[in-house]
Structures are given as structure tokens and as C-alpha cells.
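# Overview (structure and organization)
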Amino acid sequence: MAGEQTTTDYISHHLTNWTYGYLPGEGWKVAYTAEEASAMGFKAIHLDSMLWSIGLGIVFCAIFWMVARKVTSGVPGKTQAAVEMIVEFVDNNVRDSYSGTSKLIAPLALTIFVWIFLMNLMDLLPVDFIPMIAGQIGAMMGHDPHHVFFKIVPTTDPNITLGMSFSVFILILFYSIKEKGLGGFVGELTLHPFSAKNPIVQIILIPINFILEFVTLIAKPISLGLRLFGNMYAGELIFILIALMPFWIQWALSVPWAIFHILIITLQAFVFMMLTIVICHLHHQLNIN
């Protein structure tokens, strides 16, 4: 594919999602070019990101369900041993980082870690393999292969990473309000960090407190999602640049980079999980104070 396109077209093609949305003047359709995908704006949906993220989520649930159904107290098989190791690893980190008693945190942390790891793991597939297959399928259906877009790493899509971080954020807000009530939650946003005994001064400080606390509150999920997206997007871009080099250089660079990238994708899943636990812990501390 790289030989049939210019370098710029090749990079742009690999960084463009399979997009469905509303194009002004043409209605709802699948984007034919990167420019059309960009013009669709907020109303668009990235079909490839949704397909891979949901599919990998199903794979995660299926593996853990099968292991749980066949679990044995004797000598475990390799799959059961791997699953038990992951569960124990996540459980230990939750116990060390979260002081509350919520039954949601451990399953949430496990889901985040494994799901993000699987999505990140897609970055180790050859950059041309799946897009080439998608292009050939598109050609069989009468489409130009160069205009068939199909990204396979969901975590290089900010819609996915921010969607996950805001989903966690909404859960945190829900349980914060459930534990402390709406009045207590509003009080956290309006009565801190500045307070005063004089009621008139306190009223004056309420909008200032709200602005400061609201910005801090919103910044957490945004930074959480963008951190994961930025790291995985950079890794994907490096693999694309390696694919543009001569064949022997590709092999010389891709193998050590892939080994190093395995550490990166695991670390990114771990960091997202730990930051989620820490944010939950901080909100729990606010709720009990």
C-alpha cells in the first residue's frame, strides 16, 4: 500500500477512522475521504473504533467467563493461572490504594486494566495487515481501496479514551451523590477550598469555589483520557513511520520497538487503572470528611 501512495497519503490513510456521520449537503453517509470525515464533526461515529472496542470487550468477558466456569482447586491450567494472576494483581492494587468498602471498585479496575490492555495490544499487529484486508473487501464491493479506512487500535481514538474516562467519571459522581446526597455533593463544589464564618462572605465565595472545584473536577477525566490517547497515538505513528522504511530496516527496528511497546501498552493500562482508583479514593475521602 505504501508503494501506491505518497508518504503523506499513506500516513493520512492509516490515521483516518472508518467514519459514519452527517455530511452537509449529502446527508448521512460513510466518509469517502479524510476531508469528509473531518467535515462530519461531532455527529460522526467511528465505526472501526466501536467495532474493535466492543469486540475486544466481548473477548475479555468470554475468556474470564469460561475460566470462572471451569475453575478448579487443583493444579490450574495456563489460562486459569494467567487469569488468577491478573485478578490477584488488580485486587492487591485496589486494596493498597482504595480505603473504602465499595464492591464496584475492584471489578471496575479489573475491567479497565484488561480491556485497555487488549485494545492497546492491537497496536502490535502489522500496520498494513488489517487495513489491506479491509481495502480488498472494499474493492470487492466496488470501492476504491485507498478510500477504505480501518484503524484497529481503539485507544488511538480520543473518542474511545475520553468516553471511558467520562464513563468512570459519571460512576464516581453517581456514587458520590448516593453516599453524601445531592446537597453534600453541591457543598463540596461550593464551600471549598475557601470558607468563612461570615455568611455574607461565604455567599460571595460560593461562585469562586464553584469555578475552581468544577475546573478541577472536569480536568480529571479529560487528562485521564488524553494521557492514554497521546501515548498510544505516538506509538501507532512510530509503527507507521517504520513501515515506510526499507524492508531490512523495518525488521531491524520493528522487533525491538515491539518488545519495548509491550511494556508501554501494559504500563498505559496499569496507569489508567491506578489513576481511576486514586480518583475514586479521593472522592471517597471527600465523602467521609
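Anything mentioned here points back to the structure above.
Everything in this summary refers to the structure shown in the same document. If you're wondering where the values come from, they're calculated on a predicted model, not measured in any experiment.

## A look at the nonpolar core
- Ile116 and Met273 are the most contacted members of the largest nonpolar core, which totals 41 residues.
- Those elements that place two or more of their residues in this core are α3 (47-69), α4 (78-97), α5 (105-121), α6 (129-140), α7 (158-190), α8 (199-243) and α9 (247-288).
- Tallying contributions element by element places α5 first for this core, with 10 residues.
- Ignoring any residue separated from it by four or fewer positions in sequence, one finds Met273 in contact with Phe89, Val90, Asn93, Ala109, Ile112 and Phe113.

## As for the side chain of Ser165
- Secondary-structure assignment places Ser165 in helix α7.
- Residue class for Ser165 comes out buried when judged on its relative accessible area of 1%.
- One polar contact links the side chain of Ser165 to the main-chain carbonyl oxygen of Pro221, over a distance of 2.9 Å.
- Residues within four places of Ser165 in sequence aside, it is in contact with Pro221, Leu224, Gly225 and Phe272.

## Overview of the packing of aromatic side chains
- All chains considered together, the criterion is met by 12 aromatic pairs.
- An angle of 50 degrees between the planes, with centres 5.8 Å apart, marks the rings of Trp18 and Phe150 as tilted. Here the residue Trp18 occupies a position in the loop between α1 (7-14) and β1 (19-23), and Phe150 occupies one in the loop between α6 and α7, the gap between them amounting to 132 residues.
- Taking the relative accessible area as the measure of exposure, Trp18 reaches 31% and is therefore partly exposed.
- For Phe150, a relative accessible area of 14% gives the class buried.
- For the ring pair Phe60 and Phe64, a centre distance of 4.8 Å and an interplane angle of 65 degrees mean the geometry is edge-to-face. You can see Phe60 and its partner Phe64 sitting in helix α3, 4 residues apart, about one turn around the helix.

Parameters and conventions
- Residues numbered from 1 in each chain as written.
- Predicted model: local features only at pLDDT ≥ 70, side-chain atom pairs only at ≥ 80, totals over all residues.
- Heavy atoms only, no water.
- Core = buried A, V, L, I, M, F, W, Y, C linked by side-chain atoms within 4.5 Å.
- Buried < 20%, exposed > 50% of the residue type's maximum accessible area, 1.4 Å probe, protein only.
- Helix = DSSP H or I, 4+ residues; strand = E, 2+ residues; numbered from the N terminus.
- Contact = heavy atoms within 4.5 Å.
- Polar contact = N/O pair within 3.5 Å; in protein donor to acceptor, adjacent residues only side chain to side chain.
- Phe/Tyr/Trp six-rings, centres within 6.5 Å; stacked < 30°, edge-to-face > 60°.

It is worth stressing that arrangement in space is one thing and function is another; only the former is reported here.
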